[in-house]
Amino acid sequence: MASEGFRPLDEKSLVEYIKATPSLSSKLGNELDDLQIKEVGDGNLNFVYIVSSPSGSFVAKQALPYIRCIGESWPMTKERAYFEAVTLKEHGRLCPGHVLEVYHFDRVMSLIGMHYLEPPHIILRKGLIAGIEYPLLAERISEYMARTLFFTSLPHRTTMEHKRAVAEFCGNVELCRLTEQVVFSDPYKVSPHKRWTSPYLDHDVEAVREDNALKLEVAELKSMAQALIHGDLHTGSVMVTSDSTQVIDPEFAFYGPMGFDIGAFVGNLILAFFAQDGHADQENDRKGYRFFIPTKEPRIVEVAHVEDFESITDTGNRADCERRALDFAKMLMKERRKFQGIAEVVSAIHELH
Ligand code: ADP
Ligand code: MG
Ligand code: MG
Ligand code: MG
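What counts, and at which threshold
- Residues numbered from 1 in each chain as written.
- Chains lettered and ligands numbered in written order.
- Predicted model: local features only at pLDDT ≥ 70, side-chain atom pairs only at ≥ 80, totals over all residues.
- Heavy atoms only, no water.
- Helix = DSSP H or I, 4+ residues; strand = E, 2+ residues; numbered from the N terminus.
- Rg over C-alpha atoms; globule rule 2.2 N^0.38 Å.
- Buried < 20%, exposed > 50% of the residue type's maximum accessible area, 1.4 Å probe, protein only.
- Contact = heavy atoms within 4.5 Å.
- Domains from an automatic or database assignment.
- Buried area = accessible area lost by both parts, 1.4 Å probe.
- Salt bridge = Lys/Arg side-chain N within 4 Å of Asp/Glu carboxyl O.
- Nonpolar A, V, L, I, M, F, W, Y, C, P; charged D, E, K, R; others polar.
- Donors = N, O, S within 2.8 Å, 3.2 Å for Na, K, Ca; no water.
- Pairing = 2+ DSSP bridges.
- Axes fitted to C-alpha atoms, helices over the stretch in contact; angles between N-to-C directions.
- Arc of directions from axis to C-beta.

**Student:** Mind showing me how you'd approach the overall build of the chain here?
**Tutor:** A tally of helices and strands in the chain yields 13 helices and 12 strands. In terms of overall dimensions, the chain is globule-like: its C-alpha atoms have a radius of gyration of 21 Å, near the 20 Å expected for 353 residues. The principal-axis extents of the C-alpha atoms in the chain amount to approximately 60 × 55 × 40 Å. Residues classed as buried in the chain amount to 55% of the 353 residues present. Looking at the chain alone, contacts between residues at least 24 apart form 70% of all its contacts between residues at least 6 apart.

Structure (structure tokens):
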């Protein structure tokens, strides 16, 4: 966990770093005189640089020892890059079609060099907000989840392999703790980090806080370690074109319940669904835009602050969409035992709509 030798890179020092790193310079065809470097990290945590030369490209992602969007006042171990790199490699071995190749990893610098997903790849969340249909997405993401989750679970592995891996990923505890805080704790209590569409949803937020039946279900859902989960599998961690589906950003990877990944992804699709009314306009009422994946285990939809809703400019309209999503999420958590499969969840959504 050496921090000696660590230094945050910028566009300029990155060039020197690349020159001294054969596994990266070779990706640029060793043509280092005319490099283009662009920082594109729209994420909350890290710095992401696209590097290209006339004969090649890659992405360099560096974790700094704090949370980017908050600053140095919120320290966060830069070791997360190590767990992201290990998971990219492990998930990539299990599902090469949907996970990026890692070209280089430097643990001291917390820097990953990986395949650049060129345009027209965009973040899935943005595609969903724009109302684009992805007919192959359900099958592809299901394949990703099925392969990465099953093959890292105890039913597939030996006890020795599994326990060794679980022990190693216990090292990513800071990130796991953050997830537990923002997903399983903050929504249910008074917290300075929580945001909502105020004053419209003030009452709804208070009702969640006082809902003991709901809190009991959440406590139960915070269950045991099963498989090497991605840990942050929302629609902002998937990049897509009409025929490509690529999963990025597994820095929250941990041995946790499979339902956490499956539920986070399905939950984000449900959020995108409830946001559609807010994006409807005269040209497109978005009524035909329906998308669901054939998977089980409905899970939590948290009171998250997501672009799907954030991008609805009319505040009252946004709050209505958010409230419907929230009511649905509460129902899904409390009555989840009644649902036998995703088809029943989809019918329930349509009924509520
Ligand atoms: P963070 O951990 O900070 O959320 P991400 O890994 O999600 O960082 O990356 C932030 C953004 O950078 C993504 O939303 C995407 O737009 C872009 N990005 C990340 N990795 C790649 C890649 N391999 N190819 C192209 N764009 C990428
Ligand atoms: Mg991200
Ligand atoms: Mg992002
Ligand atoms: Mg991330």
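**Student:** I'm lost on the domain arrangement of the chain in this one. Help?
**Tutor:** Often, the extent of an interface is quoted as the loss of accessible area upon association of its parts. Per the domain assignment, the segments of the chain are domain 1 (11-114) and domain 2 (122-352). Computed from C-alpha atoms alone, the centre-to-centre distance between domain 1 and domain 2 is 26 Å. Facing the 24 residues of domain 1 at the interface are 29 residues of domain 2. Across the interface of domain 1 and domain 2, roughly 2300 Å² is buried in total on both sides, 63% from carbon and sulfur atoms. Viewed at the interface, domain 2 and domain 1 are joined by 3 salt bridges. Taken together, the residues of the side of domain 1 that touches domain 2 sort by class into 13 nonpolar, 6 polar and 5 charged.

**Student:** Explanation requested: the coordination of the magnesium ion (ligand 4) in the structure shown.
**Tutor:** Each angle at a metal carrying four tetrahedral donors should ideally be 109.5 degrees, and each at a metal carrying six octahedral donors should ideally be 90 or 180 degrees. Every protein donor of the magnesium ion (ligand 4) is accounted for by Asp249 (OD), Asp249 (OD) and Glu251 (OE), and the metal-donor separations fall at 2.0 to 2.2 Å. Separating the magnesium ion (ligand 4) and the magnesium ion (ligand 2) is a distance of 3.5 Å, and Asp249 donates to both of them. There is no split in this pair, since Asp249 and Glu251 are both buried.

**Student:** Help me understand the pairing of strand β2 (residues 47-53), please; the structure alone is not making it clear to me.
**Tutor:** Consecutive residues of a regular strand have side chains that alternate between opposite faces of the sheet. Most of β2 sits inside the fold, with 6 of its 7 residues counted as buried. Across 4 bridges, the pairing between strand β1 (residues 36-39) and β2 is antiparallel. Note on β2: the bridge partner recorded for Lys38 is Ile50.

**Student:** Explain the sheet that holds strand β10 (residues 238-241) here, please?
**Tutor:** Backbone hydrogen bonds are what pair the strands of a sheet, in a parallel or an antiparallel way. Here 3 strands make up an open sheet; going across it, the order is β8-β10-β11 and the pairing antiparallel. The open sheet is flanked by β8 (122-123) and β11 (244-247), the only strands paired with a single partner. Pairing between β10 and β11: 4 bridges, direction antiparallel. Paired with Val240 across the strands is Thr245, a residue of β11. Packed on one face of the sheet, helix α5 (residues 137-151) meets β10 and β11 and runs near 35° to β11.

**Student:** How should helix α8 (residues 202-209) be read in this particular structure?
**Tutor:** Helical geometry note: an α-helix holds 3.6 residues per turn, so side chains three or four residues apart project in the same direction. When we look at burial in α8, the residues that qualify are Asp204, Val205 and Val208. Mapping the buried residues of α8 onto a view down its axis gives an arc of 100°, with all of them on the same face. Buried residues along α8 sit in contact with α9 (212-221) and α12 (315-334).

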